[in-house]
Amino acid sequence: MRLATWNINSIRTRVGRAVDFAVREDIDVLALQEIKCTPEQFPYAPFEEAGYQVEVHGLNQWNGVAIASREPITDVSTAFAGMPGFAKGHDGPDAPLEARALGVTVGGVRVWSLYVPNGRSLGDPHLAYKLHWLEALRTSTAAEIAADPNRPLALVGDFNIIPFDVDNGDPGIVIGRSTHVSPEERAAFFALETAGVRDVVRPLIPEGFTYWDYQRLKFPRNEGVRIDFILGSDSFASAVTAASIHRDERKGAQPSDHVPVVVDLDLGDDDGDDLPMIFA
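To start, this report covers the structure provided alongside it. The structure presented is a predicted model; accordingly, all values stated were derived computationally and were not measured.

A closer look at the pattern of salt bridges
Here comes step 1: The full count for this structure, using the stated rule, is 20 salt bridges.
Here comes step 2: For R138, the salt bridge identified is with E135, shortest N-O distance 2.8 Å. On the criterion of helical spacing, the pair formed by R138 and E135 is a turn pair, its members being three residues apart in helix 3 (residues 125–147).
Here comes step 3: Given a relative accessible area of 36%, E135 falls into the partly exposed group.
Here comes step 4: In this structure, the salt-bridge partner of R151 is E144, at a minimum N-O distance of 3.4 Å.
Here comes step 5: Among the charged side chains, a network of salt bridges with common partners joins R17, R24, E25 and E249.

Right under this line is the structure:
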């Protein structure tokens, strides 16, 4: 299986690029973030003509996630357990949920397409929401893995966190002044390891950015950041055979400001007999 994640920054604007990439790179499962549309507005036809089934979770022109797959999609979830909501000036547990998470099972693999809240600025309520959202994700993921430790599970998408200094090539993002690099956000990212998932791309590609702002010639200057990740459970990570960051997708006409991240998986026999055994 070849799995990719891509913050497409409006699927209706870039559907041609998304489908062309998926076909050209022989992608089996493509997780998309920031699709910026409702299910009714999603351009299904080009994906279906290319042999993909698509699940979409979008509520308006903001946020939104989707997963396209060549194999049947089952067990669709549009929120993880305990996922908090957010609305400006709206506090409490009944804040409306945003379209930031979509979980499916495909080919025996549990995949979550995630668009982690941005945080906006230090001290902004959105940063507290981001940290709460990540803690709920950690708890939910730990429970999901504990319930079925042999099933490969992946959290993929735009995490809006720069975990290490080497991942930050943007001089405008500074610790102590900017989100994405604060100690609290980094700690929340690393805490996901305690849930049983880890970065499966970094061991194969230790350096490389996945996002460059459109402004101030960030891409030509290579002033990018690494914020798009594929985090996998033990059974997922042990199946990874290769990884790639597709920097060239930032070039050309109307590119997204993010690029795809891809992993290849050797999942063994369809019945799962070749998957590693994980004992609690």
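After presenting the structure, the write-up continues.
Some words on the layout of surface pockets
Here comes step 1: Here the largest pocket is characterised by a volume of approximately 630 Å³.
Here comes step 2: Residue lining of the largest pocket: 27 residues in total, with Y115, N118, N160, H180 and Y211 positioned closest to the centre.
Here comes step 3: Along the lines of polarity and charge, the residues of the lining of the largest pocket split into seven nonpolar, nine polar and eleven charged.

Things to note about unusual backbone geometry
Here comes step 1: Phi at S10 is positive, roughly 95°, even though this residue is not glycine.
Here comes step 2: Of note, S10 is situated in the loop between strand 1 (2–7) and helix 1 (11–24).
Here comes step 3: Its identity as a non-glycine residue notwithstanding, H180 has a phi of 75°, on the positive side.

Concerning the environment of N222
Here comes step 1: Mapped onto the fold, N222 is located in the loop between strand 9 (198–199) and strand 10 (228–232).
Here comes step 2: Remark: the alpha-carbon pair of N222 and A147, spanning 75 residues in sequence, is separated by 42 Å.
Here comes step 3: For N222, the residues in contact, after removing those within four places along its chain, are G169, F209, W212 and R247.
Here comes step 4: Side-chain polar atoms of N222 contact the side chain of W212, separated by 3.1 Å.

A word on the packing of aromatic side chains
Here comes step 1: In this structure the tally under the stated criterion is 13 aromatic pairs.
Here comes step 2: Pairing F42 with Y44 gives two aromatic rings, centres 5.1 Å apart and planes at 55°, and the pair type is tilted.
Here comes step 3: The buried category is assigned to F42, whose relative accessible area is 4%.
Here comes step 4: Taking the relative accessible area as the measure of exposure, Y44 reaches 26% and is therefore partly exposed.

Some details on the environment of D28
Here comes step 1: For D28, the location among the structural elements is in the loop between helix 1 and strand 2 (29–33).
Here comes step 2: You can call D28 partly exposed: its relative accessible area is 21%.
Here comes step 3: Measuring from C-alpha to C-alpha, the distance between D28 and Y211 comes to 23 Å, with 183 residues separating the pair along the chain.
Here comes step 4: For D28, the residues in contact, after removing those within four places along its chain, are M1, R2, Y52, A68, S69 and R70.

Examining the side chain of D199
Here comes step 1: Within the secondary structure layout, D199 lies in strand 9.
Here comes step 2: On the basis of relative accessible area, D199 is assigned to the buried category, the value being 15%.
Here comes step 3: Within the structure, the side chain of D199 is placed 3.1 Å from the backbone nitrogen of R202, a separation counted as a polar contact.
Here comes step 4: When near neighbours in sequence (up to four residues on either side) are disregarded, D199 contacts F229, I230 and L231.

Some points on the nonpolar core
Here comes step 1: Judged by nonpolar contacts, the single largest core of 31 residues is most densely connected at L3, V111, V200, I230, F236 and V263.
Here comes step 2: Mapped by element, the contributors of at least two residues to this core are strand 2, strand 4 (65–69), strand 6 (101–106), strand 7 (109–115), strand 8 (153–158), helix 5 (234–237), strand 11 (240–245) and strand 12 (261–265).
Here comes step 3: If near-sequence neighbours (up to four positions away) are discounted, I230 is found in contact with L3, T5, L155, V156, R198, D199, V200, V201, F236, V261, V262 and V263.
Here comes step 4: Counting 23 residues, the second-largest nonpolar core is a separate cluster that includes A101, L137, L153 and I161.

What counts and how
- Residues numbered from 1 in each chain as written.
- Predicted model: local features only at pLDDT ≥ 70, side-chain atom pairs only at ≥ 80, totals over all residues.
- Heavy atoms only, no water.
- Salt bridge = Lys/Arg side-chain N within 4 Å of Asp/Glu carboxyl O.
- Helix = DSSP H or I, 4+ residues; strand = E, 2+ residues; numbered from the N terminus.
- Buried < 20%, exposed > 50% of the residue type's maximum accessible area, 1.4 Å probe, protein only.
- 1 Å grid on protein atoms, 1.4 Å probe; cavity = no way out; pocket = protein on both sides within 12 Å on 5 of 7 lines; lining within 4 Å.
- Points joined across faces, edges and corners; volume = space filled by probe spheres on them.
- Nonpolar A, V, L, I, M, F, W, Y, C, P; charged D, E, K, R; others polar.
- Contact = heavy atoms within 4.5 Å.
- Polar contact = N/O pair within 3.5 Å; in protein donor to acceptor, adjacent residues only side chain to side chain.
- Phe/Tyr/Trp six-rings, centres within 6.5 Å; stacked < 30°, edge-to-face > 60°.
- Core = buried A, V, L, I, M, F, W, Y, C linked by side-chain atoms within 4.5 Å.

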